[in-house]
Amino acid sequence: MTLSSQQSITLSLPDEAATVYLGGAIAHILPRPVVIYLEGDLGAGKTTLSRGLMQGLGHKGAVKSPTYTIVEPYQFASGPVFHFDLYRLGDPGELDFLGLADYLEAQAIVLFEWPSRGLGRLPAADLTVSLADDGDSGRVATLTAHTPMTLALLPHLRR
């Protein structure tokens, strides 16, 4: 598979509302199944972006970080979403015991925070969202498409 040289876009996120908005915008255009890696330091906005995605799909309740539970499932009319936070994972092999294969067979949107902690067990990402502090300007998000399916989505996310 060959992607064009324009496989990434970078967006400025001046505040939390912009991060939530981006998550909602992603939710409205995602195909299923899709695997998304969420990267960034602690406090970079990974869970905030996930909250925006869930709200964009119609979720009305709280969206909490699955730091201690490792996975939080959500059910929508369009299908399931599984939000993983691998920060506290002791070993990538633990994902086998959590039934990762079952989650991946569900034609779902699957979000992985801290994907580097699941190396060797995680499927390849269709889309990576990297969040970083941008000093006084808030945050910056770099979205990188890894498949033709997600490459086609990037122009729709430009603001």
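Residues numbered from 1 in each chain as written. Predicted model: local features only at pLDDT ≥ 70, side-chain atom pairs only at ≥ 80, totals over all residues. Heavy atoms only, no water.

What follows deals with the confidence of the model for the protein chain. Residue-level pLDDT values for the protein chain average 90, and 96% of them are 70 or greater. At the low end of the mean pLDDT range in the protein chain sits helix H6 (residues 154-157), at 86; at the high end sits strand E2 (residues 34-39), at 96. (pLDDT = per-residue confidence, 0-100. Helix = DSSP H or I, 4+ residues; strand = E, 2+ residues; numbered from the N terminus.)

Another point: the nonpolar core. Core analysis: the biggest nonpolar cluster contains 31 residues, and Ile26, Ile36, Val129 and Leu143 have the highest contact counts within it. A total of four residues in this core trace back to one element, the largest contributor, which is helix H1 (residues 16-29). Setting aside residues no more than four positions away along its own chain, Leu143 makes contact with Gln7, Ser8, Ile9, Leu11, Leu22, Ile26, Leu127, Thr128, Val129, Leu154 and Leu157. Within the second largest apolar cluster, 17 residues are counted, among which are Leu89, Val110, Phe112 and Leu122. (Core = buried A, V, L, I, M, F, W, Y, C linked by side-chain atoms within 4.5 Å. Buried < 20%, exposed > 50% of the residue type's maximum accessible area, 1.4 Å probe, protein only. Contact = heavy atoms within 4.5 Å.)

Time to look at the layout of surface pockets. Any empty space left between the atoms is revealed when a probe the size of a water molecule rolls over them. Counted as a void, the largest pocket has a volume near 160 Å³. In terms of lining residues, the largest pocket is bounded by 14 residues, among which Leu42, Gly43, Lys46, Thr47 and Glu113 are the most central. A per-element tally of the lining of the largest pocket places helix H2 (residues 46-56) first, with three residues. Residues that form the lining of the largest pocket fall into these classes: four nonpolar, six polar and four charged. (1 Å grid on protein atoms, 1.4 Å probe; cavity = no way out; pocket = protein on both sides within 12 Å on 5 of 7 lines; lining within 4 Å. Points joined across faces, edges and corners; volume = space filled by probe spheres on them. Nonpolar A, V, L, I, M, F, W, Y, C, P; charged D, E, K, R; others polar.)

What follows covers the pattern of salt bridges. Scanning the model with the defined rule gives two salt bridges in all. Ionic pairing is found between Asp96 and Arg121, a salt bridge with its closest N-O pair at 2.8 Å. Remark: Arg121 occurs in the loop between strand E5 (109-113) and strand E6 (127-133) and Asp96 occurs in helix H3 (residues 94-97); sequence separation between them is 25 residues. Here Arg121 falls in the partly exposed class, since its relative accessible area comes to 36%. (Salt bridge = Lys/Arg side-chain N within 4 Å of Asp/Glu carboxyl O.)

Now for unusual backbone geometry. Arg32 connects to Pro33 through a cis peptide bond whose omega is -10 degrees. Position of Pro33 relative to the elements: it lies in the loop between H1 and E2. Backbone geometry at Trp114 places phi at a positive 60 degrees, although glycine is not the residue there. Tracing the sequence through the fold places Trp114 in the loop between E5 and E6.

On to the sheet that holds strand E7 (residues 139-145), then. Pairing is mixed across the open sheet formed by seven strands, whose spatial order is E1-E7-E6-E2-E5-E4-E3. With one partner strand each, in any of the chains shown, strand E1 (8-13) and strand E3 (71-76) form the two edges of the open sheet. The average undirected angle you get between the axes of adjacent strands in this sheet is 15 degrees. Across five bridges, the pairing between E2 and E5 is parallel. Bridge assignment links Val34 to a residue of E5, and that residue is Ile109. (Pairing = 2+ DSSP bridges. Axes fitted to C-alpha atoms, helices over the stretch in contact; angles between N-to-C directions.)

Moving on: the pairing of strand E4 (residues 79-85). The buried count for E4 comes to seven of seven residues, which makes it a mostly enclosed element. Pairing of E3 with E4, which is carried by six bridges, proceeds in the antiparallel orientation. Paired with Gln75 across the strands is Pro80, a residue of E4. With antiparallel pairing between neighbouring strands as the criterion, E3 and E4 make up a hairpin whose turn holds two residues. Alignment of E4 against E5, held across five bridges, turns out to be parallel. What sits directly across from Phe84, in E5, is Phe112.

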